[in-house]
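# A look at the structure
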There are 2 protein chains.
Amino acid sequence: MSQDKSNERIRDAERTIALLKKATVDQLITNGFAGLSILPILKKAGVSRGALFHHFPTKDHLIAAAFGDLLVEFAGQLHEIAMQLRTGAITQEEFVSKTGETIASDLFVGCMEIALGIRAELTLSALVQEAVADWRQSLFEFWDNTFELPGHDREQRSDHWAMASNVLRGYAFSTSFGAAPQARERLMRGFPKLFLDGAVVRPADERVVSIKTKSKS
Amino acid sequence: MSQDKSNERIRDAERTIALLKKATVDQLITNGFAGLSILPILKKAGVSRGALFHHFPTKDHLIAAAFGDLLVEFAGQLHEIAMQLRTGAITQEEFVSKTGETIASDLFVGCMEIALGIRAELTLSALVQEAVADWRQSLFEFWDNTFELPGHDREQRSDHWAMASNVLRGYAFSTSFGAAPQARERLMRGFPKLFLDGAVVRPADERVVSIKTKSKS
DNA sequence: ATATACATACAGACCGGTTGGTATGTAAAG
DNA sequence: CTTTACATACCAACCGGTCTGTATGTATAT
């Protein structure tokens, strides 16, 4: 990890913070929410305790920051997939496959774990509230900017894509067991039939989209 | 909790085990998976450390046992709702409402939390594997024994109900934030349209169903 | 019936290890 | 010299688990 055993110090706040958040995400993926202790995080980041608590008042603040980064990254990944479809770089089938893959990735499962885990932790849940709201919004935009639903008003579209999102969330959850090998095929067959049948892909230039969240206030 | 400060001991293994499992579920609901320490569990159960480790070799075994109980209880709740629909005691709309409520309850959210949380814990995930397999089976039976899907073969029915289950899981997940007040209405509108349109309720006497799991081997 | 022997059910002190967080010190930058 | 960035020693609280001891059962022998 860190071969700088010499006494030269690296003084770069941004870098240190990034390392810490990255290590937190790594730790979340490999050891789950319950495994989010600061010791392994510090080890992975190659950073000292002092550095951590210099930049973050508590462990929860670090987790919240890492969680926020995760969600933003996801929004970016989904946006990327959407653009590939809208530019014709991939087929609708590939779109469903890639989206499913993204949602069922360890990263997103880790997100769900945090989202459920913080239910009982008031301070932490308060810290991530804003990031979650942003994420919700960007998820709807992901669908609504990618597909047109002729004859549907805004309310109906919200309903439609909310259900679609629920399916993917449930899919991600069920795959985290790894016990349903047919789950993927079921998604590939079922999802387009249920949600994309009447939908029309919006050409890439139809609407200029900013998927970016409001970011650090 | 326990006012028996006298030196009279209650010697009832079944009772003690039940108290421990109950306390574990309670603790899971109120404090989440990360809050599953033995101390608060023991306190809630009014049982000593010695009693716990006499009946369960490790904490994980207790959690697994409590988790298994939870899943069986859920299967029972769903079965109950299904029977109400099949006997005509409730409407389809009420059926969707009740099912959604059950899935989005604190109890089930706790289940999801465990299911995700154990991802990184090998021993625990091994312990609950069987219970999860039983649960999967009973969930499919819940749908398939309740509704007929004319013109669908077994494979197609599996696809259909797997997607339906995913929607509910995703719904449960999203409500655990409490941030989407319209989520319930969306489910009530969207679910029947997507999954119950071509489905026919099986009369209660059409098929003798055993929703019971294989139970303790 | 009563005494003996043993298994089971429970209680609570105790253990080493880990937890999140702090206090203090030091090196670099302005 | 002051501020910022990082390092280290340290702390009280808590963790899961083991220990020894005790209360309560039951099976057998007398």
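None of these values were measured; they are calculated from a predicted model. (Residues numbered from 1 in each chain as written. Chains lettered and ligands numbered in written order. Predicted model: local features only at pLDDT ≥ 70, side-chain atom pairs only at ≥ 80, totals over all residues. Heavy atoms only, no water.)

### What to know about the relation of the copies chain A and chain B
For clarity, the threshold we go by: C-alpha atoms of residues with pLDDT of at least 70 in both copies form the basis for the least-squares superposition of the copies. Every residue pair with non-hydrogen atoms within 4.5 Å of one another is taken to be in contact.
Mapping chain A onto chain B calls for a screw motion: a turn of 180° about the axis and a shift of 0.1 Å along it, with 0.1 Å RMSD after fitting. Look at the turn and shift together and you get a two-fold axis relating the two. Taken together, the interface assignments show that 100% of the residues at the interface of chain A recur at the interface of chain B, consistent with an identical surface on both copies.

### Quick word on the environment of Ala 66 of chain B
Residues and elements named next belong to chain B. Rule in force here: Strands are runs of DSSP state E lasting at least two residues, helices are runs of H or I lasting at least four, and both sets are numbered from the N terminus onward. In this scheme, a residue with accessible area under 20% of its type's maximum is buried, one over 50% is exposed, and one in between is partly exposed, where area comes from a 1.4 Å probe on protein chains only.
Inspection of the secondary structure puts Ala 66 in helix 4 (residues 59-86). Relative accessible area serves as the criterion here: at 2%, Ala 66 is assigned to the buried category. Between the C-alpha atoms of Ala 66 and Leu 28, which are 38 residues apart in sequence, the distance is 9.8 Å. With sequence-adjacent residues up to four places away left out, Ala 66 is seen in contact with Lys 21, Thr 24 and Val 25.

### Remarks on the side chain of Ser 158 of chain A
Looking at where Ser 158 of chain A falls in the secondary structure, it is placed in helix 8 (residues 154-175). Among the residues examined, Ser 158 of chain A registers a relative accessible area of 10% and is labelled buried. Those residues in contact with Ser 158 of chain A that lie beyond four places of it in its chain are Phe 140 of chain A together with Arg 186 of chain B.

### Structural notes on the packing of helix 4 (residues 59-86) of chain A against helix 7 (residues 122-146) of chain A
All names here are of chain A. Just so we agree on the cut-off: The angle between two axes is taken between their N-to-C directions and runs from 0 to 180 degrees, where each axis is a line fitted to C-alpha atoms and a helix contributes only its stretch in contact. For classification, angles of less than 35 degrees are called roughly parallel, those exceeding 145 degrees roughly antiparallel, those between 65 and 115 degrees roughly perpendicular, and all remaining angles oblique. In the scheme used here, Gly and all other residues not listed as nonpolar or charged are polar, with Ala, Val, Leu, Ile, Met, Phe, Trp, Tyr, Cys and Pro taken as nonpolar and Asp, Glu, Lys and Arg as charged.
Where helix 4 meets helix 7, the axes come as close as 9 Å, and the angle between the chain directions of the two elements is 0°. In terms of orientation, helix 4 and helix 7 fall into the roughly parallel class. Of the residues contributing to the contact of helix 4 with helix 7, the split by class is 17 nonpolar, seven polar and two charged.

### A look at the pattern of salt bridges
Just so we agree on the cut-off: We define a salt bridge as a contact between a side-chain nitrogen of Lys or Arg and a carboxyl oxygen of Asp or Glu at a distance within 4 Å.
Applying the stated criterion to the full structure yields 15 salt bridges over all chains. In this structure, Asp 69 of chain A and Lys 21 of chain A form a salt bridge, with 3.0 Å as the shortest nitrogen-oxygen distance. Separated by 48 residues along the polypeptide, Asp 69 of chain A in helix 4 and Lys 21 of chain A in helix 1 (residues 13-31) bring together distant segments of the chain. Residue Asp 26 of chain A is joined to Lys 22 of chain A by a salt bridge in which the shortest nitrogen-to-oxygen separation is 3.3 Å. A residue pair is termed a helical-turn pair when its members lie 3 or 4 positions apart in one helix, as Asp 26 of chain A and Lys 22 of chain A do in helix 1 at four residues. With a relative accessible area of 28%, Asp 26 of chain A lands in the partly exposed category. Via salt bridges that share partners, Glu 155 and Asp 159 of chain A together with Arg 186 and Arg 189 of chain B belong to a single interconnected network.

### Things to note about helix 7 of chain A
We count it as follows: Multiplying 1.5 Å by the residue count of a helix minus one yields the expected span of that helix. Given a residue, its bend is the angle between the two axes fitted to the seven residues that end at it and to the seven that start from it.
Given a rise of 1.5 Å per residue, 25 residues ought to cover 36 Å, and the 36 Å separating the end C-alpha atoms of helix 7 of chain A matches this to within 8%. Its maximal kink placed at Gln 129 of chain A, helix 7 of chain A deviates by approximately 45°.

### Concerning the packing of aromatic side chains
Residues and elements named next belong to chain A. Quick reminder of the rule: Aromatic rings from Phe, Tyr and Trp, taking only the six-membered ring of Trp, are treated as a pair when their centres fall within 6.5 Å; an angle between ring planes under 30 degrees marks them as stacked, one over 60 as edge-to-face, and anything in between as tilted.
Scanning the entire structure with this criterion turns up 24 aromatic pairs over all chains. Where Phe 74 meets Phe 108, the ring centres are 5.1 Å apart and the plane angle is 80°; that geometry is what we call edge-to-face. Within this pair, whereas Phe 74 is found in helix 4, its partner Phe 108 is found in helix 6 (residues 106-117), the two being separated by 34 residues in sequence. Phe 108 matches Phe 74 in its accessibility class, with the two residues each being buried. Three or more aromatic residues link up through ring pairs in this structure, and these residues are Phe 95, Phe 142, Trp 143, Phe 147, Trp 161, Phe 191 and Phe 195.

### Section: the confidence of the model for chain A
Residue and element names in this part refer to chain A. Keep this limit in mind: Per-residue confidence from the predictor is reported as pLDDT, which spans 0 to 100.
Model confidence for chain A is summarised by a mean pLDDT of 89, while 89% of its residues fall at 70 or above. In this model, residues 1-6 is a region of pLDDT below 50 whose contacts with residues beyond four sequence positions or in other chains number three contacts. The model gives residues 208-217 a pLDDT under 50, and that stretch makes twelve contacts with residues more than four places away or in other chains.

### Description of the interface of chain A and chain B
Counted only if it meets this: Put simply, buried area is how much 1.4 Å-probe accessible surface two parts lose in total, over both of them, once they are put together. Any pair of N or O atoms that falls within 3.5 Å is considered a polar contact. Within protein, one atom must be able to donate a hydrogen and the other to accept it, and sequence-neighbouring residues count only if both atoms are side-chain atoms.
Taken together, the contact between chain A and chain B spans 44 residues of the former and 44 residues of the latter. At the boundary of chain A with chain B, total buried surface from both sides reaches about 3700 Å², with 65% on carbon and sulfur atoms. Broken down residue by residue, the surface that chain A buries against chain B is led by Leu 116, Arg 119 and Met 163 of chain A, which jointly contribute 19%. At the junction of chain A and chain B, the tally comes to eight salt bridges. Put simply, Arg 189 of chain A and Asp 159 of chain B hold a salt bridge, and the shortest N to O gap is 2.5 Å. Linking chain A with chain B are ten residue pairs in polar contact (both at pLDDT 80 or more).

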